[in-house]
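Residues per chain, in single letters:
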Amino acid sequence: MLFLMFRIGKDRYVLDAAQIEQVLPLVEAKELPGAPAGIVGVISYHGEPVPLIDLGLLATGRPVAEVMSSRIILVRYPGAEGEHRLALCAEQVIETLKREPGDFVATGVEAGLPDYLGPVAADADGFIQWIRAPALLSDELRALLFRLPGAAA
Amino acid sequence: MTSRTPDNSPESARTADSARAGRLLDRPLPPGYRAEWARHFAGARVQAGEADAPADTVLIFRLGGEWLALPADLVTEITEPRRSHSLPHRRDRLVRGIVNVRGELLVKIALAELLGIEGQEPAASQGTAFARLVVIGRADRRVAFHADEVHGLHRHGPEALRALPVTVDKNAARFASAVLDWDGRAVGRLDGAGLLDAVDRSLA
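Residues numbered from 1 in each chain as written. Chains lettered and ligands numbered in written order. Predicted model: local features only at pLDDT ≥ 70, side-chain atom pairs only at ≥ 80, totals over all residues. Heavy atoms only, no water.

An unreviewed UniProt entry lists chain B under the name Chemotaxis protein CheW, with Ancylobacter radicis given as the organism. UniProt annotates chain B under Subcellular location (unreviewed entry) with the comment "Cytoplasm". (UniProt positions renumbered as here; feature names shortened; annotations may be inferred.)

For chain A, an unreviewed UniProt entry supplies the name Chemotaxis protein CheW and the organism Ancylobacter radicis.

Shown next as structure tokens:
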């Protein structure tokens, strides 16, 4: 199973590569004043507005560094009415990783932590944590972002 | 995965390399970087469309004052011009003689003659233009011709091709299948199969 590895702060995290549509450079986003924490704006992906979540801001309160290795991961996001896209920016998006899903084990401190934090896998440098992309947004946020144009009116 | 040796394995070497390469990317964004990429991804999906469309590769060369394009799969070799040996009792306008290309004797044809573009003023070319001997054909039906200049291969999508103007002289348009936009010039794209057939007929 192929994963895309990135960093939030100093720790390494992975996303399932099958959920990823494309990795984009750090493009400029249109800011959304008053948006909930973590959502830094919308980017235009071939004309389609895609909400951009800063994983650094969401997880640690510190926005990702503006360097070349910080990239935007475009994930497909299963919604109630078809698929949506979600853009996640993270640091050091430069590596993929091949691991078996069975290599990942529960951390044992699941309670009280955000839902998107999944199990961890160990390697020589420490632990790598699996991020569950569909759990990044809470239900109300998901409803807010992916509301059908008709329903929003 | 569990039985990984930590040192001297190709995998660990690769990780060290990729870590070094990754550090190269730890530099600040150049000015205008984010805005430029934002514009790129905001635009219509052009690249994807082009990749889907069947692209065609042609060899672009010049005969006298005329730039022409020939399907690249027809071209087998481009080499230095060399002496051609005339064939006795063959005073054909189309056959210039035979040339030796790496031990193989090939008929050298006058392509300009065949296409009816002989006798034009050579276009003043910028810099030095090198004449070339181009070998075309398939398998054992290969012939060579002299080109005054060879630009090289050019890959284009179907959108670069335009139909021939209807006012073009029918004889001149005998082998041209379309007009190709290249570098601001209109290049006559030759119909490969038709050209080879005509060469065969003229050699028979």
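What's the story with the sheet that holds strand 6 (residues 132–138) of chain B in this structure? I'm lost.
Residue and element names in this part refer to chain B. With mixed pairing, 5 strands are arranged side by side in an open sheet as 3-6-7-5-4. Whereas interior strands pair on both sides, the edge strands pair on one side only; in this sheet they are strand 3 (75–79) and strand 4 (95–101). Pairs of neighbouring strands in the sheet enclose a mean axial angle of 30°, with direction left out of account. Relative to strand 7 (residues 141–147), strand 5 (residues 104–109) is paired through 3 bridges, and the arrangement is parallel. (Pairing = 2+ DSSP bridges. Helix = DSSP H or I, 4+ residues; strand = E, 2+ residues; numbered from the N terminus. Axes fitted to C-alpha atoms, helices over the stretch in contact; angles between N-to-C directions.)

I tried to follow the interface of chain B and chain A on my own but got confused; where do I start?
It is common to report an interface's size as the accessible area lost on association of the parts. In this assembly, 21 residues from chain B lie in contact with 25 residues from chain A. Between chain B and chain A, roughly 2,000 Å² of surface is buried when both sides are summed, and carbon and sulfur atoms account for 59% of that area. Remark: the boundary between chain B and chain A carries 1 salt bridge. Across the pair Arg34(B) and Glu66(A) runs a salt bridge whose closest N-O atoms are separated by 3.0 Å. At the surface where chain B touches chain A, the tally comes to 11 residue pairs in polar contact (both at pLDDT 80 or more). When residues of the side of chain B that touches chain A are traced back to their parent elements, those giving at least two are helix 1 (10–24) and helix 2 (33–42) of chain B. Counting residues per element, the side of chain B that touches chain A draws most heavily on helix 2 of chain B, which supplies 7 residues. A class-by-class count of the residues in the side of chain B that touches chain A yields 12 nonpolar, 4 polar and 5 charged. (Contact = heavy atoms within 4.5 Å. Buried area = accessible area lost by both parts, 1.4 Å probe. Salt bridge = Lys/Arg side-chain N within 4 Å of Asp/Glu carboxyl O. Polar contact = N/O pair within 3.5 Å; in protein donor to acceptor, adjacent residues only side chain to side chain. Nonpolar A, V, L, I, M, F, W, Y, C, P; charged D, E, K, R; others polar.)

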